[in-house]
Amino acid sequence: MDQDAPSEADQKRMPYQLPFPAEAQQEIVVPAVIPDDERLWVPQMENVWFRPLCLNASQGYWVNLLRVRRAGVLSRHRHPAPVHGHVLRGRWHYLEHDWVAETGSYVFEPPGETHTLVVPDDCPEMITLFHITGVMVYVDPWGQQTGYEDVFTKIAMCRKHYEAAGLGTGFVDQFVR
């Protein structure tokens, strides 16, 4: 063994020694996922906001917190790709299912799922982390499209809000990959 080579025990605590691939994107680290600064919440509709964490334009997905401070029907929508959710505060359910997602719950929504999100009357605040791939297609009760969201509409909403909030349109760039 080379006398200058670190011991096996020392190697375990060494950082990776080679350069990362030139094309590798920079990681995103968000120290305070639920921020103190209200300007970081992007308004989506009255009493509904989202907080972007990752807006991946090259792969067509986004990860955000959805915060709702009102009871009632939020939206009816369809997902052509999978969605993952983790409830951080409060609770919600879908009219089409008999389960309730509560604080600490994980929800997997398979491709093809169409549902109507409801926040119950006795829930003052709901915050859920969602990872959404592709698009959310808003529909009426018979499946007719009424609107949509994708990573690009999310980025545009962020740019508009952050400019108006005094953070600048480029503030969102830290979340875009």
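Look up a bit, the structure's there.
Residues numbered from 1 in each chain as written. Predicted model: local features only at pLDDT ≥ 70, side-chain atom pairs only at ≥ 80, totals over all residues. Heavy atoms only, no water.

A short note on the nonpolar core
Now for step 1: Of all hydrophobic cores here, the largest spans 37 residues; its most connected members are Leu55, Trp92 and Met126.
Now for step 2: Elements represented by at least two residues in this core include exactly β2 (48-56), β3 (61-68), β5 (83-89), β6 (91-94), β9 (114-119), β10 (126-133), β11 (135-139) and α2 (151-164). (Core = buried A, V, L, I, M, F, W, Y, C linked by side-chain atoms within 4.5 Å. Buried < 20%, exposed > 50% of the residue type's maximum accessible area, 1.4 Å probe, protein only. Helix = DSSP H or I, 4+ residues; strand = E, 2+ residues; numbered from the N terminus.)

Structural notes on the sheet that holds strand β7 (residues 100-102)
Now for step 1: Here we have 6 strands laid out as an open sheet, ordered β7-β6-β9-β4-β11-β12, and antiparallel in their pairing. Since the sheet does not close on itself, it has two edges, and those belong to β7 and β12 (145-150), each with one partner. Sheet twist, expressed as the average angle between the axes of neighbouring strands with direction ignored, equals 30°.
Now for step 2: Bridge analysis of β6 against β9 gives 2 bridges, and the strand direction is antiparallel. The residue of β9 that forms the bridge with Tyr94 is Leu117. (Pairing = 2+ DSSP bridges. Axes fitted to C-alpha atoms, helices over the stretch in contact; angles between N-to-C directions.)

Points about the packing of aromatic side chains
Now for step 1: By the definition in use, this model includes 7 aromatic pairs.
Now for step 2: Considering the side-chain rings of Tyr94 and Trp99, the 5.5 Å spacing of their centres and the 80° angle between planes classify their relative orientation as edge-to-face.
Now for step 3: Looking at Trp99, the relative accessible area reads 29%, which means it is partly exposed.
Now for step 4: Ring plane angle 70° and centroid distance 6.3 Å describe the contact between Phe171 and Phe175, whose orientation is recorded as edge-to-face.
Now for step 5: Overall, Phe171 belongs to the partly exposed group, its relative accessible area being 23%.
Now for step 6: Under the relative-accessibility criterion, Phe175 is labelled buried at 4%. (Phe/Tyr/Trp six-rings, centres within 6.5 Å; stacked < 30°, edge-to-face > 60°.)

Considering the pairing of β11
Now for step 1: The buried fraction of β11 is high, at 5 of 5 residues.
Now for step 2: By the alternation rule, side chains of β11 split into Val135, Val137 and Val139 and Met136 and Tyr138, which are all buried.
Now for step 3: Bridge analysis of strand β4 (residues 72-78) against β11 gives 2 bridges, and the strand direction is antiparallel. Bridge pairing in β11 links Arg78 to Val137.
Now for step 4: Pairing geometry for β11 and β12, over 5 bridges, is antiparallel. Looking at the pairing, Tyr138 lines up with Gly147 of β12.

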